[in-house]
Amino acid sequence: MPRGGGRGRGRGGSGHKGQRRVFTSPEQEEFNRQQKQKEKDWKRRTGESESEEESGDEGATAPQEKPRPQPGDLPTDSSSEEETDSEEEEAKPKGVSHLIEIQNPNHVKNKMKKVTDLDDTDAKPELSRREREALEKERAKQNYERLKMQGKTDDARADLARLAIIKKEREDAAKRREEEKKMREAAAAKSKK
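Residues numbered from 1 in each chain as written. Predicted model: local features only at pLDDT ≥ 70, side-chain atom pairs only at ≥ 80, totals over all residues. Heavy atoms only, no water.

K.L.:
Before we move on, can you summarise the overall build of the chain with the specific residues and values?
P.N.:
The secondary structure content of the chain amounts to five helices and zero strands. The linear arrangement of helices and strands in the chain, starting from the amino end, is α-α-α-α-α. Residue burial in the chain is summarised as follows: out of 193 residues, 4% are buried. When the accessible surface of the chain is split by element, carbon and sulfur atoms take 50% of a total near 19,600 Å². (Helix = DSSP H or I, 4+ residues; strand = E, 2+ residues; numbered from the N terminus. Buried < 20%, exposed > 50% of the residue type's maximum accessible area, 1.4 Å probe, protein only. Areas by Shrake-Rupley, 256 points an atom, 1.4 Å probe, with all protein chains shown as cover.)

So, in structure tokens, the structure goes:
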């Protein structure tokens, strides 16, 4: 079996990889771009449509030419006319896709949205399941703590009952100590007499 993986190239063979590379200089690229632009301009002037010749579409129409101003005519405010013309050119569909009706229910048409139509309420980012569960858990914990402070939960009632028992025991212990103290004082007073 020959070297080179059996492809017949062998050592230093003439495969497509490693062929001589051709680089285009920036000046040549600029010259080619200008030539294409001149060709487009010439086609527009002569009435030929660029899309007719390149793609062969029958539905394409030639662009409408603007009337040339006569010498002595005053310049008008044609900026709005130029804007509408450029919008029409941009809005022209390419190919035959505008002639075919698509009945795909999943196909979504891109609609231009205005800034005034956008709502700030929709801008709220949607949380993931874990984040949402963590927030719900935190809210439940805060709610439980609030109810516990108000004494409305079973744990709070048990704590309050336990505290009441402890308080009563402490009061009883304090009374006993008072009585014992009084008895000692009375006994000390008797022994001194």
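K.L.:
Quick rundown of helix α4 (residues 129-150)? Include the residues and the values.
P.N.:
Counted at 1.5 Å a residue, the expected span for α4 with its 22 residues is 32 Å, and the 32 Å between its end C-alpha atoms agrees. Remark: G151 follows α4 within two positions and exhibits a positive phi of approximately 80°. (Expected span 1.5 Å × (residues − 1).)

K.L.:
Kindly report on the side chain of T153, identifying the contributing residues and their values.
P.N.:
Checked against the element boundaries, T153 lands in the loop between α4 and α5 (154-192). Discounting chain neighbours no more than four positions away, the residues touching T153 are Y144, L147 and K148. (Contact = heavy atoms within 4.5 Å.)

K.L.:
Describe a nonpolar patch on the surface, with residues and values.
P.N.:
Taken together, the side chains of V96, L99 and I100 present a nonpolar region at the surface, about 290 Å² in accessible area. Taking relative accessible area as the criterion, V96 reaches 42% and is therefore assigned partly exposed. (Patch = residues over 30% accessible without salt bridge, like charges linked within 9 Å, V, L, I, M, F, W, Y side chains within 5 Å. Salt bridge = Lys/Arg side-chain N within 4 Å of Asp/Glu carboxyl O.)

K.L.:
If you had to explain the pattern of salt bridges to someone new, which residues and values would you point to?
P.N.:
All told, the structure shown has eight salt bridges when counted by the stated rule. Residue D41 is joined to R44 by a salt bridge in which the shortest nitrogen-to-oxygen separation is 3.8 Å. With D41 and R44 both in helix α1 (residues 26-46) and three residues apart, this pair spans about one turn of that helix. Residue classification places D41 among the partly exposed residues on the basis of a relative accessible area of 29%. In this structure, R184 and E180 form a salt bridge, with 3.8 Å as the shortest nitrogen-oxygen distance. Within this pair, R184 and its partner E180 are both found in helix α5, separated by four residues, close to a single helical turn. Taking the relative accessible area as the measure of exposure, E180 reaches 40% and is therefore partly exposed.

K.L.:
Lay out α1 in plain terms, naming residues and giving numbers.
P.N.:
The end-to-end C-alpha distance of α1, which contains 21 residues, comes to 30 Å, matching closely the 30 Å that a straight helix rising 1.5 Å per residue would cover. The first or second residue beyond α1 is G47, which carries a positive phi of 95°.

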